[in-house]
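Each chain is listed here by its residues.
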Amino acid sequence: MKLSEKDTAENKGSNLAKKKLGWSCSLIVASFVGALGSSFLYGYNLSVVNAPTPYIKAFYNETWERKHGHPIDLDTLTLLWSVTVSIFAIGGLVGTLMVKLMGKSLGRKYTLLANNVFAISAALLMACSLPAGALEMLVVGRFIMGVDGGIALSALPMYLSEISPKEIRGSLGQVTAIFICIGVFTGQLLGLPELLGKESTWPYLFGVIAVPAVVQLVTLPFLPESPHYLLFEKHDQAGAEKAFRTILGKEDVSQELEEVLAEGRMQRHIQLVSVFELLRTRCVRWQVITVVITMGCYQLCGLNAIWFYTSSIFSKSGIPPEKIPYITLSTGAIEILAAIFSGLVIERLGRRPLLIGGFGLMTSFFGILTATLTLQDHAPWIPYLSIVCILAIIASFCSGPGGIPFILTGEFFQQSQRPAAFIVAGTINWLSNFAVGLLFPFIQKSLDTYCFLVFAAICFAGAVYFYFVLPETKNRSYAEISQAFAKRNKASPPEEKTDSAVTGDKTNVRPEADCPSTLDNYVKNSLV
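These numbers were taken from a predicted model, which means no experiment stands behind them.

J.: Which parts of the structure should I look at to understand the side chain of serine 164?
T.: Inspection of the secondary structure puts serine 164 in the loop between α7 (135–163) and α8 (169–190). In terms of polar contacts, serine 164 uses its side chain to reach the backbone carbonyl oxygen of leucine 160, at 2.9 Å. Ignoring anything within four residues of it in the chain, the contact list for serine 164 reads Leu27, Arg169 and Leu172.

So, in structure tokens, the structure goes:
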């Protein structure tokens, strides 16, 4: 009995040690450096244009008058500013479509490295636009920065999902969301008048973009490539084993290597699939639908509308206009805290409760916010309730819906499907982003404060869909997740076969639309 208790204690200690080993120094540094030059810059570029808006518009007017001999009319100025803001999303879509080709030829790590060329080029163009007196440089710089964001938001989650042990895959995946929030907060902070938010210094707000890009450029080369990429696409087992040792911080990586090889045995003769082939593949049909709905809800849930209303709500609450930029920093701080909270609890609670709970809470708070904005003149305390609702909506979003969509895209698909899946996810993400920027002013003009009911309906629909369709993916392998979707897809995922069924033939076979076992097909072909 004593020996049995001792063995149990030793096993518990061993399991605890394994969990601690999950967070190695190399893994932490790789995720930090990867996110600093990627998702951080995306978040920074979302908020950095807000503070210098009046100065940039004045610069546009001055440049136009110098070139055409008369001041710019208001409609043209509004159009130019809308293009400057929304072209970031167009660049993001272009960047997303480039990821598959770059990922295949360069790998995950070197795609992130090459992406810094776009960030540095964009920073130089935008920072030099005022001295050069060329508004076109700012517009082109925003487009190039969008390309950087499109590549980053696909390549980074892919890299993080492939280097992380499955026990901490969710927590590590939240690094993307955490650094987006830190980037937004940094853009708000540097945009304060005491720092760079002045007429003479606003170009430096864009020049700062080069700093994280350079940091990533000089540090990421010393960190390991994705073991999955090395093993599946470069067929370098020794390199993959070395990468695993570096990432996990231990010598014995046989278990991790075997898990990856098991996935490899299912798709040994499969090439990278195209987007069209992915959409035709029956055994991942509901995974694709779920990713599309998740990414659509991520952008269409109304957070952009919240940023639009923040200043006016703070003003009506009696906060002096000159103090509003400092109060707005609280929203950025709430974002960071909520994202960190999500990263800490995601491996305990799971993806499903955080996603459903986040959208459910947003639905409730959007309903309350609509009521408080409609009745804000009836009592002096109602505007303060509106502020609480705004902070609650931001916290609800960042605690789940703000980061989990990127994690799910990496978890739902096997290696050969992952690049195409991220193209689909990224396309929906950026098209939804563009649609919100284009349509929200008209929705707001037509519905006024009732526009939040539209977003409440979207959040509610998302929560209901995830409740009925989304399985829990916490601590589960690709095969287990595929099996959870199998009944709904009405097609079984490929089954793992032993190596004895495989010969040395290098024939490449495209996956069939209903996902039969690739190895079964191979054996049948060999017998014929």
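J.: I keep staring at the packing of α7 against α8 and nothing clicks. Help me out?
T.: Helices that pack against each other are described as a pair by the angle of their axes relative to one another and the distance between those axes. α8 packs onto α7 with a crossing angle of 155 degrees between their chain directions and a minimal axis gap of 8 Å. Between α7 and α8, the angle is such that the two are roughly antiparallel. Handedness of the α7/α8 crossing: right-handed. Between α7 and α8, the residues in contact are Leu153, Leu156, Pro157, Leu160, Ser161 and Ile163 and Arg169, Leu172, Val175, Thr176 and Ile180, respectively.

J.: What exactly am I supposed to notice about the packing of aromatic side chains here?
T.: The description of two aromatic rings rests on the distance between their centres and on the angle between their planes. For the structure on display, the rule yields 19 aromatic pairs. For the ring pair tryptophan 286 and tyrosine 465, a centre distance of 6.5 Å and an interplane angle of 20 degrees mean the geometry is stacked. Of this pair, tryptophan 286 sits in helix α15 (residues 285–300) while tyrosine 465 sits in helix α22 (residues 451–469), and the two are 179 residues apart along the sequence. Residue classification places tyrosine 465 among the buried positions, given a relative accessible area of 13%. Ring geometry for tyrosine 298 versus phenylalanine 406: centroids 5.4 Å apart, planes at 80 degrees, classification edge-to-face. Taken together, the positions of tyrosine 298 in helix α15 and phenylalanine 406 in helix α20 (residues 404–412) put the pair 108 residues apart, joining distant regions of the chain.

J.: Help me out: how do you make sense of the environment of threonine 96 in this one?
T.: One can find threonine 96 in helix α5 (residues 74–127). Linking threonine 96 and serine 154, residues 58 residues apart in sequence, is a C-alpha distance of 6.7 Å. In contact with threonine 96, other than residues within four places in its own chain, are Gly150, Ile151, Ser154, Phe422, Ile423, Gly426, Thr427 and Trp430. Within the local environment of threonine 96, its side chain forms a polar contact with the side chain of tryptophan 430, the two groups lying 3.3 Å apart.

J.: So what exactly am I meant to see when it comes to helix α21 (residues 418–447) here?
T.: Each full turn of the α-helix corresponds to 3.6 residues, which orients residues three or four apart in the same direction. A bend of about 45 degrees at leucine 439 is the largest found in α21, and the proline proline 441 appears one to four places after it. Residue aspartate 448 follows α21 closely and has a positive phi angle near 55 degrees.

J.: What am I meant to see in the packing of α8 against α20 here?
T.: Orientation of α8 relative to α20, taken along the N-to-C sense of each, is 125 degrees, at an axis distance of 8 Å. As the angle between them shows, α8 and α20 are arranged oblique. The two elements α8 and α20 meet at a crossing, and its hand is right-handed. On the side of α8, the interface is formed by Arg169, Gly170, Gly173, Gln174 and Thr176, while α20 contributes Ile404, Phe406, Ile407 and Glu411. Along the lines of polarity and charge, the residues of the contact of α8 with α20 split into three nonpolar, four polar and two charged.

Here is what the cut-offs are and how they apply
- Residues numbered from 1 in each chain as written.
- Predicted model: local features only at pLDDT ≥ 70, side-chain atom pairs only at ≥ 80, totals over all residues.
- Heavy atoms only, no water.
- Helix = DSSP H or I, 4+ residues; strand = E, 2+ residues; numbered from the N terminus.
- Polar contact = N/O pair within 3.5 Å; in protein donor to acceptor, adjacent residues only side chain to side chain.
- Contact = heavy atoms within 4.5 Å.
- Axes fitted to C-alpha atoms, helices over the stretch in contact; angles between N-to-C directions.
- Parallel < 35°, antiparallel > 145°, perpendicular 65-115°, else oblique.
- Left-handed = near helix turned anticlockwise from the far one by under 90°.
- Phe/Tyr/Trp six-rings, centres within 6.5 Å; stacked < 30°, edge-to-face > 60°.
- Buried < 20%, exposed > 50% of the residue type's maximum accessible area, 1.4 Å probe, protein only.
- Bend = angle between axes of the 7 residues up to and from the residue.
- Nonpolar A, V, L, I, M, F, W, Y, C, P; charged D, E, K, R; others polar.

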